[in-house]
Amino acid sequence: MIKISPSLLACDFSKIGDEIKKVETAGADMIHLDVMDGHFVPNITFGACVIKSIRKCSSLPFDVHLMISEPLKYVPNFADAGADIITFHAESNSDIIKTISKIKECGKKVGISIKPKTDTKILFPYLKYIDVVLIMTVEPGFGGQAFMKNQLQKALILKNESQKNDFNFKIELDGGINTKTIEIIKNYPIDICVSGTCIFKSENMASTINKLKLR
Ligand code: DX5
Ligand code: ZN
């Protein structure tokens, strides 16, 4: 079964605590938190202090997606705020090995994400050290964009590499995932799907999450 990580980017921020509780009750497996700095991506969202204050609203794992230029510098802040998985971008300015080590030092799971134009192969030297690869299926920065199905090829390349070497990382997809696009995704080796707009704008969150989960 695919695990579902609803992205709070599409929630009603005036009642963020209730929104988190609602997706938890509706069957979410984790909570996806999109951190944007207005530099790595052309949008600004929230940082560690917001995450710290909403940590008490849920016992689900916090899946923190850092779309920021200097992730290495901020890893301890997000770890202290209550992140469980810290995912940073391979295209950021931070040294990849140092960032992986810092996240591990903080006792958190490590994810690396790649943008649509980034070659999957750049991840190969790091796959043995990490817990998650987050494949972007939209250009990072905004919710509600169209799913780029040509990115699914990356999942096959990663799965093949994982099986060949007995690696343990999970494959996560992020962007444009809804009850229609999930039908294509189900033919690929995907462990976790992030979904924002489709879940938070749906009439019945539980049935939407359930549709997204079932293979
Ligand atoms: C985009 C974010 C995604 C996004 C997903 O930069 O990383 O997590 O919020 O939202 P939807 O499901 O609306 O594409
Ligand atoms: Zn995201």
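Throughout what follows, the structure given in this document is the object of discussion.

Calculation notes
- Residues numbered from 1 in each chain as written.
- Chains lettered and ligands numbered in written order.
- Predicted model: local features only at pLDDT ≥ 70, side-chain atom pairs only at ≥ 80, totals over all residues.
- Heavy atoms only, no water.
- Near = heavy atom within 4 Å.
- Polar contact = N/O pair within 3.5 Å; in protein donor to acceptor, adjacent residues only side chain to side chain.
- Helix = DSSP H or I, 4+ residues; strand = E, 2+ residues; numbered from the N terminus.
- Phe/Tyr/Trp six-rings, centres within 6.5 Å; stacked < 30°, edge-to-face > 60°.
- Lys NZ or Arg CZ within 6 Å of the ring centre and 35° of its normal.
- Donors = N, O, S within 2.8 Å, 3.2 Å for Na, K, Ca; no water.
- Tetrahedral: all angles 85-135°; square planar, octahedral: opposite > 155°, others 65-115°.
- Buried < 20%, exposed > 50% of the residue type's maximum accessible area, 1.4 Å probe, protein only.

## Considering the site of ligand 1
Right, so step 1: Surrounding ligand 1, one finds 20 residues, the nearest of these being Asp34, Gly141, Asp174, Gly196 and Thr197.
Right, so step 2: Between ligand 1 and Asp34, the relevant distance is 2.8 Å, taken from an oxygen atom to a side-chain nitrogen or oxygen of the residue.
Right, so step 3: Contact distances for ligand 1 include 2.8 Å between an oxygen atom and a backbone N or O atom of Gly141.
Right, so step 4: Among the elements of the structure, β2 (31-36), β3 (62-67) and β8 (192-195) are those that each provide at least two residues to the shell around ligand 1.
Right, so step 5: Sorting elements by how many residues they give to the shell around ligand 1 places β2 first, with three residues.

## Focus on the packing of aromatic side chains
Right, so step 1: A complete count under the given rule lists two aromatic pairs for this structure.
Right, so step 2: A cation over a ring is seen here: Arg55 above Phe62, with NZ or CZ 3.7 Å from the ring centre.

## Observations concerning the coordination of the zinc ion (ligand 2)
Right, so step 1: Those protein atoms acting as donors to the zinc ion (ligand 2) are His32 (NE2), Asp34 (OD), His65 (ND1) and Asp174 (OD), and they sit at 2.0 to 2.3 Å.
Right, so step 2: Metal-centred angles of 69 to 169° between the six donor atoms at the zinc ion (ligand 2) mark the site as octahedral.
Right, so step 3: Spacing between the donor residues of the zinc ion (ligand 2) along their common chain follows H-x1-D-x30-H-x108-D. Of the two residues, His32 and Asp34, both sit in the buried class.

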